[in-house]
Amino acid sequence: MMSSVPRPARLSPADLIRLGMVGPRTRTLRSVLSALGVALGVAALVAVTGISASHQAHLLDRLDRLGSNLITVSPGVDVDQRPVPLPKESVAMLAAVAPVETVSATGATQADIYRNDLVPVTQTNGLSVRSARLDLLGALRGNLRVGRWLDRATERLPVVVLGSEAADRLGISGPGERVWLCGKKIQCGWFSVLGILAPNPLVPEIDSTALTGRPQATARLGDDGTPATVYVRTHPARVTDVQAIAGATANPAAPNLVSVSRPSDLLKARAETKTSLEGMVLALAGVALAVGGLGIANTMVVGVMERRGEVGLRRALGARPGQIAAQFLIESVMLGLFGGTAGALVGGATVHLYASVKAWPTAVSLTWVTAGPVMAVVIAAGAGLYPALRAARMSPTEALRSA
Amino acid sequence: MTAPCPEPLLLLENVVKTYPGHPPVHVLRGIDLKVRRGELVAVVGPSGSGKSTLLSLIGTLDHPSSGRILFEGHDLAHLSGSEIAALRAHRIGFVFQQFFLLPAQTAVENVAGGLLYTGEGPRRRRERAVEALQDVGLGQRLGHRPEQLSGGEKQRVAIARALVGRPALLLADEPTGALDSVSGSSIIDLLRDLNTKGTTVMVITHDRELAESFPRRVGIQDGQVAFDDVDDRWPATDSRAAGTRPRA
Ligand SMILES: Nc1ncnc2c1ncn2[C@@H]1O[C@H](COP(=O)(O)OP(=O)(O)OP(=O)(O)O)[C@@H](O)[C@H]1O
Ligand SMILES: [Mg+2]
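Bear in mind that the values here come from a model prediction, so they are computed numbers and not experimental data.

What counts, and at which threshold
Residues numbered from 1 in each chain as written. Chains lettered and ligands numbered in written order. Predicted model: local features only at pLDDT ≥ 70, side-chain atom pairs only at ≥ 80, totals over all residues. Heavy atoms only, no water. Helix = DSSP H or I, 4+ residues; strand = E, 2+ residues; numbered from the N terminus. Buried < 20%, exposed > 50% of the residue type's maximum accessible area, 1.4 Å probe, protein only. Lys, Arg positive; Asp, Glu negative; His and termini not counted. Charge placed at Lys NZ, Arg CZ, Asp CG, Glu CD. Near = heavy atom within 4 Å. Polar contact = N/O pair within 3.5 Å; in protein donor to acceptor, adjacent residues only side chain to side chain. Areas by Shrake-Rupley, 256 points an atom, 1.4 Å probe, with all protein chains shown as cover. Nonpolar A, V, L, I, M, F, W, Y, C, P; charged D, E, K, R; others polar. Patch = residues over 30% accessible without salt bridge, like charges linked within 9 Å, V, L, I, M, F, W, Y side chains within 5 Å. Salt bridge = Lys/Arg side-chain N within 4 Å of Asp/Glu carboxyl O. 1 Å grid on protein atoms, 1.4 Å probe; cavity = no way out; pocket = protein on both sides within 12 Å on 5 of 7 lines; lining within 4 Å. Points joined across faces, edges and corners; volume = space filled by probe spheres on them. Phe/Tyr/Trp six-rings, centres within 6.5 Å; stacked < 30°, edge-to-face > 60°. Lys NZ or Arg CZ within 6 Å of the ring centre and 35° of its normal. Contact = heavy atoms within 4.5 Å. pLDDT = per-residue confidence, 0-100. Expected span 1.5 Å × (residues − 1). Buried area = accessible area lost by both parts, 1.4 Å probe.

Student: What is the right way to look at the overall build of chain A in this model?
Tutor: Helix and strand content of chain A: 15 helices and 11 strands. If one aligns the C-alpha atoms of chain A with their principal axes, the spans along those axes are about 120 × 45 × 40 Å. Across the 403 residues that make up chain A, the buried fraction comes to 48%. Across chain A, the mean location of the 39 positive side-chain charges is 12 Å away from that of the 27 negative side-chain charges.

And the structure:
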């Protein structure tokens, strides 16, 4: 009687994973080092995208606090590129629009601001002097860095409240210091600093402005009551409606010569743009991933050569070439998975650390946290393919003899 | 020679192995050999005579250039690659001079690995590995790693791994080659013991004295069978016994 040929058997997934661990268990340090490359790549991917997402979350957060219902109305330019001033009534007209909640404005003056009376008049530092209504700070939801805001008494005095940028450019650090206000059509004089505003990303033009009270500006700085910029807070749900009619309301005679904008749009757009630095770091992360793949490929090739004896033995124990290939491919994939997961963890921790130092909310991009390890696995699988096939193609006798 | 079993376990007919090259290497030049179930065969011959090549052809690790090999009545040339692999997994055990134990695995894990490609589940593999280690006298060394074992103990683990699947044929290529004479002869005693329990064993050895103690000795020279001696008084009882032997 001829006995029947035994049936070929398959390896269970658990057995395959155990086989994939044979190499890393034997050469742990080498395996960890070889997974370091993809780990770095994935960590960089997760960190850069996470830090940028955290920064964006921070900006949008701040935008939320500053309110996205602010509309600015300012003079447009005519065909000759000359600014067309807003009518004096425009503030009252805008305030009469139903969904408008608050209106405030700055007024133009004839003055420029200098550190002292010795600075040449042409050196204006790009700063402007405006008159401010008392409710301006509230309308902008602005904050003071130091000092005080204008009130009923101080709006009549020769005092200024400086935007943060204006204070920095003039070299003023606190209230009480004096600045020199001067202009062709006005009488020059000393003003003392009452307070300095915190930066306001919603209305960056205020940052480089010095503000005085309206009575003082009218009396000494040539403010004729023409608004420089009107700031309009609307009902949050009616912003676009108000935006659409603001031009015609402010200047019914020439609606097209009014510039209307919603600063939060700009800020949001800025928050969402990617910087070129980010692109560069992402490219570097890609390079690290590729180099990491080469590292894994190298480790696997060396491992297969060193383990010829094991390959020959497994063939003698009944392994088919495909099972040998699967073993080494899985080992490679596990290196990628290990590196990728470790990298994602390190990247996430980096984002958290950076964000908490900057007092930003932590926003780790879930897409990259999953895509990173997946990319690492795909790269590792590619890297392991050649060594795995090479192991599978070894002749068992040669493998046993040369081991 | 009357066969106790009508069908031999192993039958080689005019087996030739030539490695191509300039000039081609004629390693085996027409081997005829019949091995019955339960036999204990020593394969002897000078270095380079083709003993290892013969064993790997018998073990299906390589194909002959021409000629036929029948294992349990199956012509190996007619089996597919995966059938051949399954045959190795279930019916043939190998023992090598270099042991080939996995350094990061314990004795039990190494032995259980001998069943990995048979389709047996992990728990059963482990149970059978423990039994096999007890059979070779290493019941106290289950959790030891190869580096914690002596050479003789390592070879016992390797033998347990070869036997854990209860193969019909055990092939050993110089199993004592890396051992001192005391542990070497205890390994031979172990193989002899396994043979009396029913496994067919073929052992390549350089040790003439050891070979003399085997009931059958096949001499290979220049890729041919130079002699094939069978004792009438087998199985022998003492590994050092070197009795007179009639030429077959
Ligand atoms: N792949 C190959 N290509 C060419 N020649 C080979 C190859 N494999 C083996 N040989 C040759 O075949 C001959 C027999 O080798 P084999 O290993 O079978 O000898 P052996 O009898 O086992 O020797 P030893 O006792 O030294 O182990 C040797 O001369 C060897 O050089
Ligand atoms: Mg040999």
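Student: Explain the site of ligand 1 to me, please; I cannot follow it from the model alone.
Tutor: As a matter of local geometry, ligand 1 sits amid 15 residues, with Arg401(A), Ser47(B), Lys51(B), Ser52(B) and Thr53(B) nearest to it. Within the side chain of Ser47(B), a nitrogen or oxygen atom sits 2.5 Å from an oxygen atom of ligand 1. In the model, an oxygen atom of ligand 1 is placed 2.5 Å from a nitrogen or oxygen of the Thr53(B) side chain. In the complex, the protein chains occlude 69% of the 640 Å² of accessible area that ligand 1 would expose alone. Every element with two or more residues in the shell around ligand 1 is listed here: helix 15 (396-402) of chain A together with strand 2 (25-35) and helix 1 (51-58) of chain B. Per-element tally for the shell around ligand 1: the top contributor is helix 1 of chain B, with 3 residues. When its residues are assigned to classes, the shell around ligand 1 shows 4 nonpolar, 7 polar and 4 charged.

Student: What should I look at first to understand a nonpolar patch on the surface in this one?
Tutor: All names here are of chain A. Taken together, Leu29, Leu33 and Leu36 make up a surface patch of nonpolar side chains, about 310 Å² in accessible area. Relative to the helices and strands, Leu29 resides in helix 3 (residues 28-66). Residue class for Leu29 comes out exposed when judged on its relative accessible area of 62%.

Student: Could you clarify how one ought to interpret the layout of surface pockets in this entry?
Tutor: In this structure, the largest pocket occupies an estimated 570 Å³ of space. Along the walls of the largest pocket sit 26 residues, with Arg401(A), Lys51(B), Ser52(B), Thr53(B) and Asp173(B) positioned nearest its centre. Of all the elements in the fold, those that place two or more residues in the lining of the largest pocket are helix 15 of chain A together with helix 1, strand 6 (92-96) and strand 7 (169-173) of chain B. In terms of residue count, the dominant contributor to the lining of the largest pocket is helix 1 of chain B (5 residues). Looking at side-chain class alone, the lining of the largest pocket contains 10 nonpolar, 11 polar and 5 charged residues. Space inside the second largest pocket adds up to approximately 460 Å³. The wall of the second largest pocket is formed by 25 residues, among which Arg27(A), Glu306(A), Arg307(A), Glu310(A) and Pro103(B) lie closest to the centre.

Student: Teacher, can you tell me more about the packing of aromatic side chains here?
Tutor: Aromatic ring pairs are reported here in terms of the distance separating the ring centres and the angle at which the planes meet. Under the definition given, this model contains 4 aromatic pairs over all chains. Ring geometry for Trp180(A) versus Trp190(A): centroids 5.1 Å apart, planes at 65°, classification edge-to-face. One end of the pair, Trp180(A), is in strand 7 (residues 178-182); the other, Trp190(A), is in strand 8 (residues 189-197), and 10 residues separate them in sequence. What makes Trp180(A) buried here is its relative accessible area of 17%. For Trp190(A), a relative accessible area of 28% puts it in the partly exposed group. The rings of Phe94(B), Phe96(B) and Phe100(B) are connected pair by pair, giving a single aromatic cluster. The aromatic ring of Phe214(B) is capped on one face by Arg192(B), whose charged end is 5.5 Å from the ring centroid.

Student: How do you make sense of the pattern of salt bridges when you look at a structure like this?
Tutor: As a working rule, side chains carrying opposite charge can pair if their charged atoms are close by. Evaluated as defined, the whole model comprises 31 salt bridges over all chains. Arg152(A) is the partner of Glu155(A) in a salt bridge, and the nearest nitrogen-oxygen pair spans 3.7 Å. Among the residues examined, Arg152(A) registers a relative accessible area of 64% and is labelled exposed. One salt bridge in this structure joins Glu39(B) and Arg216(B), with 2.9 Å as the shortest N-O distance. Pair noted here: Glu39(B) is in the loop between strand 2 and strand 3 (40-44) and Arg216(B) is in strand 9 (residues 216-221), with a separation of 177 residues, a long-range link. By relative accessible area, which is 3% here, Glu39(B) ends up buried. Taking the relative accessible area as the measure of exposure, Arg216(B) reaches 3% and is therefore buried. Residues joined in a network through salt bridges with shared partners are Arg307(A), Glu310(A), Arg314(A) and Glu331(A).

Student: Just checking my understanding: could you explain the side chain of Asn200(A) for this structure?
Tutor: All names here are of chain A. Counting through the fold element by element, Asn200 comes out in the loop between strand 8 and helix 7 (204-207). Note on Asn200: relative accessible area 6%, which makes it buried. In contact with Asn200, not counting residues within four places along its chain, are Leu66, Leu140, Gly142 and Asp207.

Student: Quick question: what am I supposed to make of empty space enclosed by the protein here?
Tutor: Rolled over the atoms, a probe with the dimensions of a water molecule shows which regions are left empty. Within this structure, the stated rule accounts for 2 cavities of 30 Å³ or more. Estimated volume of the largest cavity: approximately 80 Å³. For the largest cavity, the lining is made up of 13 residues, of which Ala89(B), Ile92(B), Gly93(B), Gly114(B) and Ala162(B) are closest to its centre. Residue assignment for the lining of the largest cavity shows that the elements contributing at least two residues are helix 2 (81-91), strand 6 and helix 5 (151-163) of chain B. What lines the second largest cavity is Ala105(A), Thr106(A), Gly107(A), Ser131(A), Arg133(A), Arg214(A), Asp223(A), Gly225(A), Thr226(A) and Pro227(A).

Student: Help me out: how do you make sense of the confidence of the model for chain B in this one?
Tutor: Note that predicted coordinates carrying low pLDDT should not be read in detail. All names here are of chain B. Confidence in the prediction for chain B averages 90 pLDDT; 91% of positions are at 70 or higher. For chain B, helix 7 (residues 208-212) is the element with the lowest average pLDDT, namely 86, and helix 3 (residues 107-112) is the one with the highest, namely 98. Confidence drops under a pLDDT of 50 for residues 234-248, and excluding neighbours within four residues, the segment shows 34 contacts in the predicted structure.

Student: What should I look at first to understand helix 11 (residues 276-306) of chain A in this one?
Tutor: Helical periodicity: at 3.6 residues per turn, an α-helix aligns residues three or four positions apart in one direction. All names here are of chain A. Across its 31 residues, helix 11 extends 45 Å between first and last C-alpha, which sits within 8% of the 45 Å expected from 1.5 Å per residue. Considered for burial, the residues of helix 11 that qualify are Glu278, Ala285, Leu289, Gly292, Gly293, Ile296, Ala297, Thr299, Met300, Gly303 and Val304. The inward-facing, buried residues of helix 11 abut helix 3, helix 12 (308-316), helix 13 (321-358) and helix 14 (366-393).

Student: Would you explain the interface of chain B and chain A in this entry?
Tutor: How large an interface is tends to be reported as the accessible area lost when its parts come together. Taken together, the contacts link 36 residues of chain B with 33 residues of chain A. For the pair chain B and chain A, the summed buried area comes to about 2,900 Å², and 62% of that belongs to carbon and sulfur atoms. Broken down residue by residue, the surface that chain B buries against chain A is led by Leu61(B), Phe100(B) and Tyr117(B), which jointly contribute 24%. The interface formed by chain B and chain A includes 2 salt bridges. The partner of Glu109(B) in a salt bridge is Arg25(A), with the nearest N and O atoms 3.3 Å apart. Among the secondary structure elements, those contributing two or more residues to the side of chain B that touches chain A are helix 2, strand 6 and helix 4 (122-135) of chain B. Considering every element that reaches the side of chain B that touches chain A, the biggest residue donor is helix 2 of chain B, with 9 residues. Classifying every residue of the side of chain B that touches chain A by side-chain character gives 16 nonpolar, 11 polar and 9 charged.

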